[in-house]
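Residues per chain, in single letters:
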Amino acid sequence: MTDQPFGLSKTLALYESLVADVAFLDTAPVVFDGALAAEVAATLIGEARLLDRRQFDTWYDLWAEDAAFWMPLHQSHHPARDQGLIMDDHRRLRERVWRMHDTSAWALVPYAQIVRMIGGVEAWPLPQSSTDVIATSAITITHERTGKVTVLAGRQIHRLRRTDDGWQIVRKIMLCPAISAGMPHLGWIL
Amino acid sequence: MGENMNKNDPETNLERDISDSLRPDAVVARGPDLTDEVEHLIRKDVVHRRVYTDPDLFNIEMDRIFGATWCFIGHESEVPEAGDFVRKRLGKRQIILVRTRKGEIRGLLNRCSHRGTTLVGEEEGCAKRFTCPYHGWAFDLDGHLQSLPVADSYSKLYERPFDLGQIKVVSHRGFVFGTLAADPMSLDDWLGPAKLWLDEHIDRHPGASIRVLKAPIKQSYKANWKMAWDNAADGIHATFAHRSYNLLGKEAETDTILSRNPAVSPMVGYTLGHGHCVVDQRPGIPDGPWSTMRPLPTREDLEASLKERGGDIPRETWDLMTGNMVNLNIFPNLIFVGNQIVVPEPISADETLMNYYLVMADETPEEVNLMRMRVDEDFMSFGIPDDFEMFERVQEGLQTIEEEWVDVSRGDDAGDVVDEYGLATGDLASEAPIRHYMQEWKRIMAKPIPTTIRRARIEDSKFMKAQKLKAESAAAAAADVK
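Participant: How do you make sense of the overall build of chain A when you look at a structure like this?
Facilitator: Of regular secondary structure, chain A possesses 5 helices and 7 strands. Element order for chain A, N to C, with α for helix and β for strand: α-α-α-β-β-α-β-β-β-β-α-β. For 190 residues, the compact-globule formula gives about 16 Å, and the C-alpha radius of gyration of chain A, at 17 Å, lands near that figure. Taking the principal axes of its C-alpha atoms as reference, chain A extends roughly 50 × 40 × 35 Å. For chain A, contacts bridging at least 24 residues in sequence account for 61% of all contacts bridging at least 6. Looking at chain A as shown, the accessible area adds up to about 8,500 Å², and 57% of this sits on carbon and sulfur atoms.

Here is the structure:
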């Protein structure tokens with residue numbers, strides 16, 4: 001056995017840490033590292049482009065093994081106490097990518113046209129890590145499929161990891177207010 | 001005050017008929033008689049497209065099916081303490097489901113009795129009283145008018161009672177049903193055999209303890225609410241509409257139960273009266289629900305941690321993490337799927353908002369509930385979107401006005417077994433559940449149904465006091481004649 005949390009405590013630790021990333025937005029200093037933000041912005045914009053252009057396999061390769069993708073129903077929610085829309089690990093992300101290519105995923109064919117607009121990127125080093133940083137950005141997504149348009153706005157919170165091969169995505173949290181009110185399904189979201 | 005009134009008092013107008021909605025105790029049956037029309041629309045095994053597309057029929061549904069019939073309102077666990085409330089809907093009406101100081105559950109109309117303002121804007125909360133933000137009228141948790149500013153500016157204050165309107169609510173083991181019907185059948189009669197299935201569902205949770213999380217996943221589709229109803233007991237669609245989900249299961253080397261051949265599945269469906277039905281998938285999964293569990297986020301860790309607790313973890317505990325594989329549908333708005341209860345909320349003839357509430361089992365190891373949260377996200381992502389796609393495509397297809405009829409005949413005289421009470425047992429492919437609820441729809445929609453608004457202190461109103469006086473003097477006069 002290692003000192004790493006195991007089993008239940010590992011799951012709870014991940015959930016606490018996701019909630020802490022959301023709470024971090026309230027205390028993060030306004031004066032941020034401009035150079036770091038610019039570097040991170042390039043990655044976030046690149047991620048958006050890969051998704052818009054359906055380059056899902058390339059996008060999947062950006063993710064770290066310890067991936068977590070969380071979309072809560074409300075920004076006050078906690079993954080240990082509330083159901084969410086998405087709480088993915090690396091394997092389930094792979095399934096989402098698989099489904100994007102599946103021609104019997106009736107809700108996704110014909111393919112949608114999607115444009116993601118990323119703005120207001122901020123980034124901070126994580127004090128407890130030499131490789132990981134936390135970043136937030138605003139996103140507006142316009143989605144068109146079979147003549148119907150859905151526009152979704154939100155705030156993204158990413159944890160990115162600096163590696164020899166560039167930045168990896170470790171975590172992504174998407175806070176989208178319209179989800180609380182009820183909206184068409186988001187089976188296409190990534 | 002009431003002593004001076006007589007039947008000529010223009011303010012009280014004692015000649016008002018009980019169906020005059022100005023009376024505090026009015027009983028009003030609204031809308032047209034549709035007996036002939038529904039006879040035309042709903043046949044034994046075909047249904048007219050207008051049942052799904054007609055906005056006029058939709059408006060009558062909001063009165064008769066979502067108003068004058070028992071509907072699911074919420075679960076008592078959503079309002080555990082006095083003052084706790086959740087905002088619900090019964091058709092177009094907003095309902096404040098609240099627990100009073102005495103611990104009772106009330107369904108208050110979220111409509112100020114003064115000018116109609118909604119009192120509560122939040123989806124949930126805890127309140128000492130409900131105060132209207134417009135003119136400051138304040139109501140107690142049980143709906144009594146507590147105070148209103150400048151009360152002496154009213155000369156007719158007591159002509160009508162100003163306590164909040166309420167619906168009738170009755171609970172069955174925590175499940176709260178409500179109606180505006182003046183004289184509803186008992187909830188027991190309404191549920192009928194479905195009650196036994198509901199009880200079984202509740203009893204599956206240790207200590208029969210169920211907690212419903214207040215925040216549902218809300219997703220809308222552009223089609224009629226009955227599409228969800230047609231789908232809920234439709235076993236055969238799972239093989240085709242959910243082909244993608246089934247292929248995903250195969251990729252994960254877990255056969256989803258949906259992927260099995262419906263023609264040879266031993267799963268069975270029953271109609272239960274009043275439109276209710278159930279599909280029991282358990283005969284098709286002899287190794288139990290847990291055996292169908294796909295690899296899911298956190299599963300490995302939570303499974304390991306549960307085993308570390310030592311001792312024998314009973315199969316029921318493992319099965320609690322997946323659904324119970326019994327799809328119970330209580331007409332018109334309570335659907336049990338997996339660990340969720342699904343409440344369809346009709347928005348218009350061609351739009352529906354689905355509310356997916358997650359049910360927690362509290363008297364279990366922590367891992368169970370943590371796993372339940374992740375289980376239902378799976379089908380929300382990979383299953384529900386394909387269902388919605390089908391609903392919307394059917395709604396689009398039904399715009400072809402010349403193609404008037406929808407076929408729901410599968411299983412009729414071809415596999416279904418009908419008992420002496422008219423209830424059907426069918427295999428997974430049978431459309432008996434659709435035919436069954438359509439007959440109930442027809443029954444409810446045929447005629448105007450008398451409804452009434454419940455309200456505290458109706459008997460204290462000026463009108464009712466005068467009515468009482470009138471009745472007493474008439475009785476005295478009759479006695480004098482004798």
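Participant: Just to check I follow, could you spell out the interface of chain B and chain A for this structure?
Facilitator: With 48 residues of chain B at the contact, the number on the chain A side is 43 residues. Summed over both partners, the interface of chain B with chain A buries about 3,700 Å², with 53% contributed by carbon and sulfur atoms. Interface area lost by chain B to chain A is led by B:Pro297, B:Asp301 and B:Phe382, which between them contribute 14%. Taken together, the connections running from chain B to chain A amount to 8 salt bridges. As a salt-bridge pair, A:Lys148 and B:Glu392 come within 3.2 Å of each other at their nearest N and O atoms. For the side of chain B that touches chain A, the elements supplying multiple residues, two or more each, are β14 (217–221), α8 (243–251), α9 (299–308), β20 (351–361), α11 (366–382) and α12 (384–397) of chain B. Taken together, the residues of the side of chain B that touches chain A break down into 24 nonpolar, 7 polar and 17 charged. As judged from the 2 bridges shared by strand β7 (residues 183–184) of chain A and β14(B), these two strands associate in the parallel manner.

Participant: Looking at this structure, how should I read the domain arrangement of chain B?
Facilitator: Reports of interface size often rely on the accessible area that becomes lost once the parts have come together. The assigned domain composition of chain B is domain 1 (1–15 + 461–482), domain 2 (71–180) and domain 3 (193–445). Centre-to-centre, using C-alpha coordinates, domain 1 of chain B lies 32 Å away from domain 2 of chain B.

Participant: Explanation requested: the environment of B:Cys132 in the structure shown.
Facilitator: Residue and element names in this part refer to chain B. Mapped onto the secondary structure, Cys132 falls in the loop between β8 (130–131) and β9 (138–139). Assessed through its relative accessible area of 4%, Cys132 is described here as buried. With 12 residues separating them in the primary sequence, Cys132 and Val120 have C-alpha atoms 8.1 Å apart. If we ignore the near neighbours within four places in the chain, the residues touching Cys132 are Cys112, Thr117, Leu119 and Trp137.

Participant: I would appreciate a short explanation of the nonpolar core in the present structure.
Facilitator: Grouped burial of nonpolar side chains is what soluble globular proteins tend to show. By size, the foremost hydrophobic cluster in this structure holds 122 residues, and its most contacted members are A:Val40, A:Met71 and B:Phe175. With 8 residues, helix α2 (residues 34–52) of chain A is the largest single contributor of residues to this core. In terms of domain composition, this core takes at least three residues from each of domain 2 (71–180) and domain 3 (193–445) of chain B. Among all residues touching A:Val40, those that are not within four sequence positions of it are A:Val121, A:Ala123, A:Val133, A:Ala135, A:Leu160 and A:Trp167. Counting 30 residues, the second largest nonpolar core, distinct from the first, contains A:Tyr15, B:Leu320, B:Met321 and B:Leu358.

Participant: Explain the confidence of the model for chain B to me, please; I cannot follow it from the model alone.
Facilitator: A low pLDDT score tells you not to read the predicted coordinates there in detail. This prediction gives chain B a mean pLDDT of 91; 94% of its residues lie at or above 70. Counting interchain partners and residues more than four positions distant, the pLDDT-below-50 stretch residues 1–8 of chain B has 11 contacts.

Participant: I keep staring at the pattern of salt bridges and nothing clicks. Help me out?
Facilitator: Once their charged atoms are close, side chains differing in charge can pair, the charge on each being opposite to the other. Counted by the stated rule, this structure contains 53 salt bridges over all chains. Among the salt bridges present, the one from B:Asp386 reaches A:Arg99, with a minimum N-O distance of 2.9 Å. Here A:Arg99 lies in helix α4 (residues 90–101) and B:Asp386 lies in helix α12, a pairing that spans two chains. Exposure remark for B:Asp386: the relative accessible area of 0% places this residue in the buried category. One connected set of salt bridges, linked through shared partners, spans A:Asp88, A:Arg91, A:Arg92, A:Glu95, A:Arg96, B:Arg294, B:Arg374, B:Glu377 and B:Asp378.

Participant: Is there a simple way to think about the pairing of strand β5 (residues 148–163) of chain A in this case?
Facilitator: Regular strands place their side chains on alternate faces of the sheet. All names here are of chain A. In this sheet, β5 lies alongside strand β4 (residues 132–145) in antiparallel orientation, the contact comprising 14 bridges. Directly across from His143, in β5, lies its bridge partner Thr150. The antiparallel pairing of β4 with β5 creates a hairpin that spans 2 residues between the two strands, and Thr146 there sits at a positive phi of about 45°. For β5 and strand β6 (residues 166–175), the ladder comprises 9 bridges, and the chain directions are antiparallel. Among the inter-strand pairings, Arg155 is bridged to a residue of β6, identified as Leu175. Between β5 and β6, which pair antiparallel one after the other, the connecting turn spans 2 residues.

Conventions adopted
- In every chain, residue numbers begin from 1 and rise along the written sequence.
- Starting at A for chains and at 1 for ligands, labels are handed out in the order in which the entities are written.
- This being a predicted model, a pLDDT of at least 70 is required before a residue's local features are given, and a value of 80 or more before pairs of side-chain atoms are given or counted; all residues contribute to the totals for chains, interfaces and linings.
- To get the side-chain values, take all heavy atoms of the structure and skip hydrogens and water.
- Secondary structure elements are taken from DSSP: a helix is a run of H or I of four residues or more, a strand is a run of E of two residues or more, and numbering for both begins at the N terminus.
- Between the two quantities, the radius of gyration covers C-alpha atoms and the globule rule is 2.2 Å times the number of residues to the power 0.38.
- We call two residues in contact whenever any of their non-hydrogen atoms come within 4.5 Å of each other.
- Calculation of accessible area relied on Shrake-Rupley with a 1.4 Å probe; when residues are assessed, cover is drawn exclusively from the protein chains displayed.
- Buried area: the accessible area, evaluated with a 1.4 Å probe, that two parts lose upon being put together, summed over both parts.
- For salt bridges, the criterion is a side-chain nitrogen of Lys or Arg within 4 Å of an Asp or Glu carboxyl oxygen.
- By the convention adopted, Pro, Cys, Tyr, Trp, Phe, Met, Ile, Leu, Val and Ala count as nonpolar, Lys, Arg, Asp and Glu as charged, and the other residues, Gly among them, as polar.
- For two strands to pair, DSSP has to find at least two bridges joining them.
- Domain delimitation follows an automatic or database domain assignment.
- In this scheme, a residue with accessible area under 20% of its type's maximum is buried, one over 50% is exposed, and one in between is partly exposed, where area comes from a 1.4 Å probe on protein chains only.
- Buried residues of nine kinds, namely Ala, Val, Leu, Ile, Met, Phe, Trp, Tyr and Cys, make up a nonpolar core once their side-chain atoms join them within 4.5 Å.
- Confidence of the prediction at every residue is given by pLDDT, a number between 0 and 100.

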